[in-house]
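# Observations on chain architecture
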Amino acid sequence: MFSSEPDSFRHAIPVEKIRYDERGLVAAIVQDYLDGTVLMMAWMNQESLQKTLESGQTWFWSRSRQELWHKGATSGHIQKVKSIRYDCDSDALLIGVEQIGDIACHTGERSCFHQIEGKINPPPADTLSQVFEVICDRRDHPTENSYTAKLLAGGDNKILKKIGEESAEVVMAFKDDDAQAIAGEVADLFYHTLVALAHHQVDLKAVYQKLQERRR
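Residues numbered from 1 in each chain as written. Predicted model: local features only at pLDDT ≥ 70, side-chain atom pairs only at ≥ 80, totals over all residues. Heavy atoms only, no water.

Okay, the packing of helix α4 (residues 147-176) against helix α5 (residues 179-199) next. Interaxial distance between α4 and α5 falls to 8 Å at its minimum, and their mutual angle equals 150°. The angle between α4 and α5 places the two elements in the roughly antiparallel class. The element α4 and its partner α5 pack so that their crossing is left-handed. Considering only residue class, the contact of α4 with α5 consists of 15 nonpolar, six polar and six charged. (Axes fitted to C-alpha atoms, helices over the stretch in contact; angles between N-to-C directions. Helix = DSSP H or I, 4+ residues; strand = E, 2+ residues; numbered from the N terminus. Parallel < 35°, antiparallel > 145°, perpendicular 65-115°, else oblique. Left-handed = near helix turned anticlockwise from the far one by under 90°. Nonpolar A, V, L, I, M, F, W, Y, C, P; charged D, E, K, R; others polar.)

Bringing the sheet that holds strand β6 (residues 92-99) into the picture now. A sheet is described by the order of its strands in space; here four strands give the open sequence β2-β1-β6-β5, paired in mixed fashion. Since the sheet does not close on itself, it has two edges, and those belong to β2 (38-44) and β5 (79-86), each with one partner. Here the average twist between neighbouring strands, direction ignored, is 25°. Direction of pairing for strand β1 (residues 26-32) relative to β6: parallel, over a ladder of six bridges. Its bridge partner being in β6, Q31 is matched across the sheet by G96. This element, helix α2 (residues 46-55), spans β2, β5 and β6 of the sheet and lies at about 120° to β5. (Pairing = 2+ DSSP bridges. Contact = heavy atoms within 4.5 Å.)

Let's shift gears to the nonpolar core. If you look at the biggest cluster of nonpolar residues, it comprises 22 residues, and the most contacted ones within it are F132, I135, I159, L194, V195 and L204. Where this core is concerned, the elements lending two or more residues are α3 (127-140), α4, α5 and α6 (204-215). Here the element with the most residues in this core is α5; it accounts for nine residues. Listed in part, the 18 residues of the second largest apolar core include V26, A28, I84 and L93. (Core = buried A, V, L, I, M, F, W, Y, C linked by side-chain atoms within 4.5 Å. Buried < 20%, exposed > 50% of the residue type's maximum accessible area, 1.4 Å probe, protein only.)

Bringing α5 into the picture now. Taking 1.5 Å of rise per residue, 21 residues should cover 30 Å, and α5 covers 30 Å from first to last C-alpha, within 8% of that figure. All of the buried residues in α5 are I182, E185, V186, L189, Y191, H192, L194, V195, A196, L197 and A198. Residues of α5 that are buried in the fold lie against α3, α4 and α6. Where α5 starts, the residue carrying a side-chain oxygen 3.2 Å from the main-chain nitrogen of Q180 turns out to be D178. One or two positions beyond α5, positive phi appears at Q201, with a value near 60°. (Expected span 1.5 Å × (residues − 1). Polar contact = N/O pair within 3.5 Å; in protein donor to acceptor, adjacent residues only side chain to side chain.)

Right, let's talk about the side chain of S62 for a bit. Tracing the backbone through its elements, the reader meets S62 in strand β3 (residues 59-62). A distance of 3.3 Å separates a polar atom in the side chain of S62 from a polar atom in the side chain of S64.

Relative to β6, β5 runs antiparallel, the two sharing seven bridges. Of the residues in β6, the one forming a bridge with Q79 is Q99. In this antiparallel pair of consecutive strands, β5 and β6, the connection spans five residues, and S90 shows a positive phi of 60°.

Take a look at the structure:
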């Protein structure tokens, strides 16, 4: 994996180690470095990969225009590279990025992979992000029989009381050293914490960002 600091990109593994196809291209999958959402797929050649490593922003090769293109140069939706990995055959790249504007697709969607059977759907991310998305939908479009909607309607008094209860149950599960109970109670605590985040309009990705900062 290449480093996430642009200066060290210049001293990363040489681009010649990548196995390009007969056209001199390699497939590059781009994903959000925080929640793993696959944002797009594009092609790179040796020059665009080198420019990506040197600049810390994604550059690709356009097969239709036969030229290099800097992602976001006109829209402002640039991609700041956080990591680059290559597969076991060295013939495909996986690029983790911070997507500026949270829009990667030319249609204005977050991801190019947003269609399912002709419908527009949010692209899959990690499990917590998917659950958070459902919770936010219940907040914005409450339904009568939704437990989540009822929690949100109860505000802090109801939500924070549940977090306190779930926290105590997590402690007891660990004290009992019951693996299944631990997993279940932690899942409950995660869920109710996500409800609190949604209630206070705090994006889960902001939490991920804090974790990434502390990880470094």
